[in-house]
Amino acid sequence: LPDTFIVYERAKQIDKPIFLKTLANDLRLLTFETHKKYKPNSILKEPNQTTIRTSYKKASLFYIFNAENQLKELITTNSNGFRDISVLVTNYQNGIPENINLKHHHLKLKIDLTLAIE
């Protein structure tokens with residue numbers, strides 16, 4: 001939910017409130033379609049991709065979509081214009097990404113998620 005983040009299990013490396021809060025905020029960027037909730041500041045359409053920039057809190061969010069209108073990359077920048085977070089979304093199968101790679105540029109935090117299908 002937009003204001004709820006329930007942790008059932010966690011690795012001991014991220015068992016700290018700051019990491020869990022950061023992870024919750026990162027996942028919200030991807031799951032709550034922020035680009036649809038906030039008015040875009042700019043939209044740049046190129047032959048193979050579309051970039052939507054929107055303001056979010058004191059930052060800017062850049063959503064980069066491929067030619068098939070699938071999210072390819074998400075970048076957040078801080079108030080000084082430097083990258084805070086980069087998220088690469090790759091290997092779409094039937095409209096679902098198999099890999100999500102999340103990297104914080106100011107924290108030593110990198111998370112690689114891979115879709116697991118039973």
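Shown above is the structure to which this text applies.
For every chain, the first residue of its written sequence is number 1, and the numbers climb from 1 along that sequence. Local features are withheld for residues below a pLDDT of 70 in this predicted model, meaning they are given only at 70 or higher, and side-chain atom pairs are given and counted only at 80 or more; totals for whole chains, interfaces and linings count all residues. Only hydrogens and water are set aside; all other atoms, that is, all heavy atoms of the structure, feed into the side-chain values.

To continue, consider the overall build of the protein. A run of DSSP states H or I qualifies as a helix once it reaches four residues; a run of E qualifies as a strand once it reaches two. Both are numbered from the N-terminal end. Within the protein one finds two helices and seven strands. In the protein, the order of α-helices and β-strands from amino to carboxyl end is α-α-β-β-β-β-β-β-β. Radius of gyration here is computed from C-alpha atoms only, and the compact-globule reference equals 2.2 Å multiplied by the residue count raised to the power 0.38. In summary, the protein has a C-alpha radius of gyration of 15 Å against a globular reference of 13 Å for 118 residues, a match within 12%. Considered along the principal axes of its C-alpha atoms, the protein spans approximately 45 × 40 × 25 Å.

Together, I96, L115 and I117 make up an exposed nonpolar region whose accessible area comes to about 310 Å². With respect to the element layout, I96 can be found in strand β6 (residues 96-104). Residues with no salt bridge and a relative accessible area higher than 30% make up the patches, which join like charges within 9 Å and nonpolar side chains (Val, Leu, Ile, Met, Phe, Trp, Tyr) within 5 Å. Accessible areas in this description were obtained via Shrake-Rupley with a 1.4 Å probe; residue shielding takes into account the shown protein chains only. Only one rule defines a salt bridge in this text: a Lys or Arg side-chain nitrogen within 4 Å of an Asp or Glu carboxyl oxygen.

This paragraph deals with the nonpolar core. In terms of nonpolar packing, the biggest core is built from 15 residues, with Y63 and V87 touching the most fellow members. For this core, the secondary structure elements donating two or more residues are α1 (17-31), β3 (59-66), β4 (71-77), β5 (83-93), β6 and β7 (109-114). Note on contacts: a residue pair is in contact if any heavy atoms of the two residues lie within 4.5 Å. With near-sequence residues (within four places) excluded, V87 lies in contact with L30, K72, E73, L74, I100, N101 and L102. Residues enter a nonpolar core if they are buried and are Ala, Val, Leu, Ile, Met, Phe, Trp, Tyr or Cys, with the set joined through side-chain atoms within 4.5 Å. Think of it in three bands: with a 1.4 Å probe and only protein chains considered, a residue is buried below 20% of the maximum accessible area for its type, exposed above 50%, and partly exposed in between.

What follows covers the pairing of β4. Of all the seven residues making up β4, six are buried; the element is thus mostly covered by neighbouring parts of the structure. Whether two strands pair comes down to DSSP finding at least two bridges between them. The sheet contact formed by β3 and β4 spans six bridges and is antiparallel. Paired with Y63 across the bridge in β4 is L74. Where β3 folds back on β4, the antiparallel hairpin that results is connected by four residues, among which N69 adopts a positive phi of roughly 65°. Note: β4 against β5, five bridges, orientation antiparallel.

We now examine the sheet that holds β7. Within the open sheet, the seven strands sit side by side as β1-β2-β3-β4-β5-β6-β7. Their pairing is antiparallel. Of all the strands in the sheet, the pair left with one neighbour each is β1 (40-45) and β7. Pairs of neighbouring strands in the sheet enclose a mean axial angle of 10°, with direction left out of account. Under this scheme, a helix contributes an axis fitted over its contacting stretch, all axes are lines through C-alpha atoms, and angles between N-to-C directions fall in the 0 to 180 degree range.

Examined against the element boundaries, I85 turns out to sit in strand β5. Once the C-alpha coordinates of I85 and D26 are considered, the two residues, 59 residues apart in sequence, prove to be 8.4 Å apart. Residues contacting I85, with those up to four places away along its chain left out, are D26, L29, L74, I75, T76, L102, K103, H104 and H105.

With that settled, the discussion passes to the pairing of strand β2 (residues 49-56). Where β1 lies against β2, five bridges are found, and the strand directions are antiparallel. Considered in β2, the bridge of P40 is made with T54. If you look at the hairpin formed by β1 and β2, you'll find three residues sitting between the two strands. Sheet topology places β2 next to β3; eight bridges connect them, and they run antiparallel. Bridge pairing in β3 places R53 opposite F62. Between β2 and β3, which pair antiparallel in sequence order, lie two residues; one of them, K57, sits at a positive phi of approximately 55°.

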